[in-house]
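Chain residues, written in single-letter form:
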Amino acid sequence: MSSPSTDNFTPQQRLGMRCAILTQCFGMLGWLSFTSGLLLVYLTTLHVPPERIVMYLSTPAIALLLLNLPCGALADRYGKRRLAVFGGFGQASGFTILALTGFAPDEWAEAAFVLGLLVFAVGLGMQNCGWFALLRPIVPEPYRGRFFGKLRFWWQLVAILFFAVTGFVLSSRDQALQRIGWDATETNALRLYQLLLAAISASMFIRVVFYARIPELEPPTPDRMPFWQAVVECARRDRLLGYCAYLFLLMLSVGAALMIFGLIEKKVLDFTDGQVVWLGTTTMIGGVFGYLAGGKATDRFGTKAVFCVCHLGYGALMFLFLFRGATPLSAIHVAGTLHFLFGFTWAASSIAITTELLGMLPTGNQALAASLIETFQRAGQALSGVLCAWLLKIGLLRDEWSLWGQNLSQYDGLLLGYGLLVIIAVVTLGLVPSVLHKAETLPHGAGSG
């Protein structure tokens, strides 16, 4: 099928695609703060224990696990855009509370952070559930690949620039404080983090303005079918539950990997706050290339090949991190390389995941069906973080141990366990429809924005 000329787009389609790109450029910084290392070093400065840091950084996945299905049903019934605008405002408000947490007394700081997380999490669930269903009628299918590629390129570029500047500022934190007339104290360092979080909060409020302008071309359907009956109808779609099971096991295996990387870098390798954030930015850079390569590979070889390569790649990267001391390179260079490759693998995998998702959506209750699939995905990711936090809390793992001459920590023990789990989970690839049948692929880049 030939690609449509952009001259043939209706004014509503043009407006919707333009606003969607601006929406994500201003809105994704909050989500990425959980994986970039920024919130990790912020919580460290607030003296939060490592096991609770892992739990808090898993909150977005837990929120999507709990809220995706009910919010998806509400979006189909009352309007995807309306629910998303309320959710976007909630996200921005919650992140503002996170930024203000540094002003709270020490005994209340962590409780204030949790409050901000809860507000952010509820808003995230409301905003996220209808995204695909809202954009599907706006973007013509033959143009979908180029649009999602452009969308991802721009918000990833914005994120890379922001977190690169953040890493630079934190790498020279004392000098940055002196330039604005502050002494290099821990309190003033905390204020610097708050300024960065406040900038993200402002961008998230701007996001709401653009989200509200995205036209909803498919009006809500006030279907009075009971909620659980609608869920069962979606679940009965051919091979959908098998695909959900695979996503659950995959995310259970790899969902906490970046958090464990960050804890090793901060607690074992003694990297500076700036270096931790730089490594998070390196992950995003790898993601940009992963989206491009994953999209082309999906078009050429099908999602089966992408799933298999990425699945095995996750396990290989986690094992390689354990042997960071066995190379002549410095720890920061090894970590940077592995962060880049992990971001590349994550992005390529997400292309395959969403290609399958879009191909399985029914004609009705699209937001609910997409939310059902993502609920299993987020359940695995959330449980991965919760399991990690629990193992750290009960002290099951030894603080120091060795493997083939490498001196390792309790965090490395977690990484080894998850690496083994992802390799064992290779057998579940047979649950993916495209692995059993010829892949029904969509244009490259048709992943989540």
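Before any of the text, the structure's been laid out above.
These lines cover the structure that appears in this document, whether it is placed above or below. Source: prediction; values computed, not measured.

## Observations concerning the overall build of the chain
Logical step 1: Scanning the chain from N- to C-terminus turns up 19 helices and two strands.
Logical step 2: Burial analysis of the chain (449 residues in total) assigns 55% to the buried set.
Logical step 3: For the chain, restricting intrachain contacts to residue pairs at least 6 apart in sequence, the fraction spanning at least 24 positions comes to 86%.
Logical step 4: Accessible surface, the chain as shown: approximately 18,800 Å² in total, 65% of it carbon and sulfur.

## Focus on the pattern of salt bridges
Logical step 1: The final tally for this structure, using the stated rule, is three salt bridges.
Logical step 2: Notably, a salt bridge pairs Lys80 with Glu216, separated by 3.8 Å at the nearest N-O pair. Taken together, the positions of Lys80 in helix α5 (residues 80-100) and Glu216 in the loop between α10 (186-211) and α11 (227-235) put the pair 136 residues apart, joining distant regions of the chain.
Logical step 3: Between Arg324 and Asp412 there is a salt bridge, with the nearest N and O atoms lying 2.8 Å from each other. On the criterion of sequence distance, the pair formed by Arg324 in the loop between α15 (303-322) and α16 (331-360) and Asp412 in helix α18 (residues 410-424) is long-range, its members being 88 residues apart. Each member of the pair, Arg324 as well as Asp412, is classed as buried.

## Describing empty space enclosed by the protein
Logical step 1: Tallied over the entire structure, the rule returns four cavities of 30 Å³ or more.
Logical step 2: Looking at the second largest cavity, its volume works out to about 110 Å³.
Logical step 3: In terms of lining, the second largest cavity is formed by 14 residues, of which the most central are Thr35, Ser36, Gly37, Leu258 and Gly262.
Logical step 4: When residues in the lining of the second largest cavity are grouped by element, the largest group, four residues, is from helix α13 (residues 257-268).
Logical step 5: Its residues assigned to classes, the lining of the second largest cavity comprises seven nonpolar, six polar and one charged.

## Here's the deal with the nonpolar core
Logical step 1: With 119 residues, the main nonpolar core has Phe113, Phe147, Phe163 and Ile260 as its most contacted residues.
Logical step 2: Among the elements that take part in this core, α16 stands out by supplying 10 residues, more than any other.
Logical step 3: Leave out the neighbours within four places in its chain, and Ile260 touches Cys388, Tyr411, Leu414, Leu415 and Tyr418.
Logical step 4: Listed in part, the six residues of the second largest apolar core include Cys71, Ala75, Leu83 and Ala133.

## Observations regarding the side chain of His339
Logical step 1: Along the polypeptide, His339 turns up in helix α16.
Logical step 2: At a separation of 3.4 Å, a polar atom in the side chain of His339 contacts the main-chain carbonyl oxygen of Leu279.
Logical step 3: Within polar-contact distance, the side chain of His339 engages the side chain of Thr283 at 2.7 Å.
Logical step 4: Those residues in contact with His339, other than ones at most four positions away along the chain, are Leu258, Phe261, Glu265, Leu279, Thr282 and Thr283.

## Some thoughts on unusual backbone geometry
Logical step 1: Positive phi, close to 65 degrees, is recorded for His47, a residue that is not glycine.
Logical step 2: Here His47 shows up in the loop between α2 (38-45) and α3 (50-57).
Logical step 3: On the basis of relative accessible area, His47 is assigned to the exposed category, the value being 57%.

Cut-offs and rules
Residues numbered from 1 in each chain as written. Predicted model: local features only at pLDDT ≥ 70, side-chain atom pairs only at ≥ 80, totals over all residues. Heavy atoms only, no water. Helix = DSSP H or I, 4+ residues; strand = E, 2+ residues; numbered from the N terminus. Buried < 20%, exposed > 50% of the residue type's maximum accessible area, 1.4 Å probe, protein only. Contact = heavy atoms within 4.5 Å. Areas by Shrake-Rupley, 256 points an atom, 1.4 Å probe, with all protein chains shown as cover. Salt bridge = Lys/Arg side-chain N within 4 Å of Asp/Glu carboxyl O. 1 Å grid on protein atoms, 1.4 Å probe; cavity = no way out; pocket = protein on both sides within 12 Å on 5 of 7 lines; lining within 4 Å. Points joined across faces, edges and corners; volume = space filled by probe spheres on them. Nonpolar A, V, L, I, M, F, W, Y, C, P; charged D, E, K, R; others polar. Core = buried A, V, L, I, M, F, W, Y, C linked by side-chain atoms within 4.5 Å. Polar contact = N/O pair within 3.5 Å; in protein donor to acceptor, adjacent residues only side chain to side chain.

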